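Examining the three-dimensional arrangement
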Amino acid sequence: MSWRRDAALAATSARQTMSARGELVGRALFFGVLLLVFSRLWLVMAEEGRLGGVAAANFLWYLALTEWVVLATPMIYLTIEEDVKRGDLAYSLARPVSYLRAKFAEGLGELAVRCVSLGVLGFGLAWLFIGRLPDQPLALLWALPTGALAMVLLMQIQIAIGLCAFWIHEAAPVYWIVQKLNFVFGGLLFPLTFYPDWLRAISEATPFAAAVYGCGKLSFGTTTSAALTTLLWLVVWNVVNAGFVSVVYGRGVRAVEVHGG
Amino acid sequence: MGTIEVDGLRKVFSVRERARGLGGAVRQLFSAPSREVRAVDGLTFRIEKGERVAFVGPNGAGKSTTIKMLTGILHPSGGAARVLGLVPWEKRRELAYRFGTVFGQRTQLWYHLPAADTFALLRHVYDRDVTDHKRRLTELVEAFEIGPFLNKPVRQLSLGQRMRCEIAASLLHDPEVLFLDEPTIGLDVNARAIIRDLIRDTSRERGVTVLLTSHDTGDMERVCDRVIVINHGKLLLDESILSLRQTYIRRKRVTLVTASERVDIDLPGVTVAERAPHRTVFEVDLEVTPVDVVVQAALRAGKLRDLTVEDPPMEEIVQAIYAGR
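These lines cover the structure that appears in this document, whether it is placed above or below. As the structure is a prediction and not an experimental result, all values here were calculated from the model.

**Comments concerning the nonpolar core**
- Trp-68 and Leu-163 of chain A together with Ile-4, Phe-45, Leu-70 and Phe-179 of chain B are the most contacted members of the largest nonpolar core, which totals 111 residues.
- With 14 residues, the single largest contributor to this core is helix 3 (residues 56–72) of chain A.
- Cys-165, Leu-171, Ile-249 and Ile-317 of chain B belong to the second-largest nonpolar core, a separate cluster that totals 55 residues.

Written out as structure tokens, the structure is:
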């Protein structure tokens, strides 16, 4: 059955992620250093009254949430780009499993390991560096479903980037552009409320804001309806991206069937 | 019905031509000239159940393109093909359950995990029943002697061990046809011999049809009974390995080990291929002088300690076929 196959692929990928500890440790160290630096920065700015009366803790928790979403998303575009360039994708077509679906399942397995390990580490360090939870700690309970859907959305965007290799061979430049757009429109370091109105309006119309800002803003507190609206937007963006990725993949595979791998 | 039936199969690729110089590069931005390359050009052959066929040809002959079409990866430009009664590019998913593939430079094993984990995953990939999977896995672990390193991460295995696991993985779902593309590439002599024996024995025991491409003629001789030679996408030759030897052997090598340090045979069509003290290798053109005449001359030439008559290496035979001789 397909779901069992997907689960097996995800579980195998999760085991492989856990066995490649070096990358996990590297990401964890980066996450830790980032939180340490920004915790000092936010504390100084709060002392100088430059945070508009918002507690420094809320800002640090904002960063912990947004970085958690970004860092836990597997760099799946690299695998797909390599598979397209080396022709491995073509050979995978001779197996009774959809390449796209398999990559998605494998990505979920990797994502699950990173989501848990970086979540425990990041939230632990945020609490350690700033010494307290955000003003509305219960809002953090929404972080798990919101974060998970946000990571899946960013992973889907990465899949689409990887598939660009069908036409442009090197997907890295596309990734760099999308990564910067994600930093800006997603509000990775600063909440969108800090942006001028026009930029905020543009940002909110992108999937990056739904993913990164959608999760980060929980640090400033939320209501049930606001949290559900965020989740709904994430579902919508995920469906739209899934459709987009399927179309791109279908075109790429047709090119492989005609022109070879 | 043959297991693999290929009839007038064609594949034409459109290849962009690179323009020279800066001007050419700029022009190419607007219109890129392309030319057609006939990778496979009207190929026809038929393979019966349980046959082991070597599919050989020089680089760019169209071997991999043909295999890609037979596994449904690539759609042909013309002609027809059926594998196990199905058109591969129309029933790719359905057919994938019934064939196995080993592509020498690709892997289906998870690099950081033990091969056992990939084998467990393959049960789900091929929707196999738990009992059937366990039985087959036990058989393969025993036959391929992979038990001692089954639980070691793949990255720690030697290339030979990895290839044994790779072939075992491709046989786990009991395929009826096995496509092997350069399965012994990069392996040392011992590992190559093991892999060849495993493929041949598995095919004999289970009636698996094998289509093997390789540049190593040893693979062809040790594994297969029949050879299909192609070049420029066209069929050059399709016959048994035995008859290939009989038809294409026009030269033999006669090695003499003699009491005297040097020996000479003065016959037309007989040349010295190698010479060392007490040992001389002659190459005999059989169309000019039959081998028995050479042997008689050798007996007269001096006191013989040993005499060997050999066919030329398969490599030379295949080269001769490529060259159209």
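**A word on the packing of helix 4 (residues 115–125) of chain B against helix 6 (residues 159–171) of chain B**
Residues and elements named next belong to chain B.
- Where helix 4 contacts helix 6, the two axes come as close as 10 Å, and the packing angle between them is 10°. In terms of axis orientation, helix 4 runs roughly parallel to helix 6. In this structure, helix 4 meets helix 6 at a crossing whose hand is right-handed. For the pair formed by helix 4 and helix 6, the contact residues are Ala-115, Phe-119 and Leu-122 on the first element and Cys-165, Ala-168 and Ala-169 on the second.

**Topic: helix 1 (residues 2–19) of chain A**
- In this model, helix 1 of chain A (18 residues) spans 26 Å end to end at C-alpha, consistent with the 26 Å of a helix rising 1.5 Å per residue.
- If you check which residues of helix 1 of chain A are buried, you get Arg-5, Asp-6, Ala-8, Leu-9, Ala-10, Thr-12, Ser-13, Ala-14, Gln-16 and Thr-17 of chain A.
- Looking at the buried positions of helix 1 of chain A, the neighbouring elements they touch are helix 2 (21–47) and helix 6 (99–130) of chain A together with helix 4 of chain B.

**Digging into the sheet that holds strand 10 (residues 251–258) of chain B**
All names here are of chain B.
- What the 4 strands build is an open sheet, ordered 11-12-10-13; its pairing is antiparallel. The sheet terminates laterally at strand 11 (270–276) and strand 13 (304–310), the two strands that pair on one side only. For this sheet, the mean angle separating the axes of adjacent strands, direction not counted, is 20°.
- Of the pairings in the sheet, the one linking strand 10 to strand 13 comprises 6 bridges and is antiparallel in character. Across the sheet, the residue bridging to Leu-256 is Leu-307, located in strand 13.
- Sitting on the sheet, helix 10 (residues 291–301) touches strand 10, strand 11, strand 12 (279–285) and strand 13, and the angle it makes with strand 13 is about 165°.

What counts as what
Residues numbered from 1 in each chain as written. Chains lettered and ligands numbered in written order. Predicted model: local features only at pLDDT ≥ 70, side-chain atom pairs only at ≥ 80, totals over all residues. Heavy atoms only, no water. Core = buried A, V, L, I, M, F, W, Y, C linked by side-chain atoms within 4.5 Å. Buried < 20%, exposed > 50% of the residue type's maximum accessible area, 1.4 Å probe, protein only. Helix = DSSP H or I, 4+ residues; strand = E, 2+ residues; numbered from the N terminus. Axes fitted to C-alpha atoms, helices over the stretch in contact; angles between N-to-C directions. Parallel < 35°, antiparallel > 145°, perpendicular 65-115°, else oblique. Left-handed = near helix turned anticlockwise from the far one by under 90°. Contact = heavy atoms within 4.5 Å. Expected span 1.5 Å × (residues − 1). Pairing = 2+ DSSP bridges.

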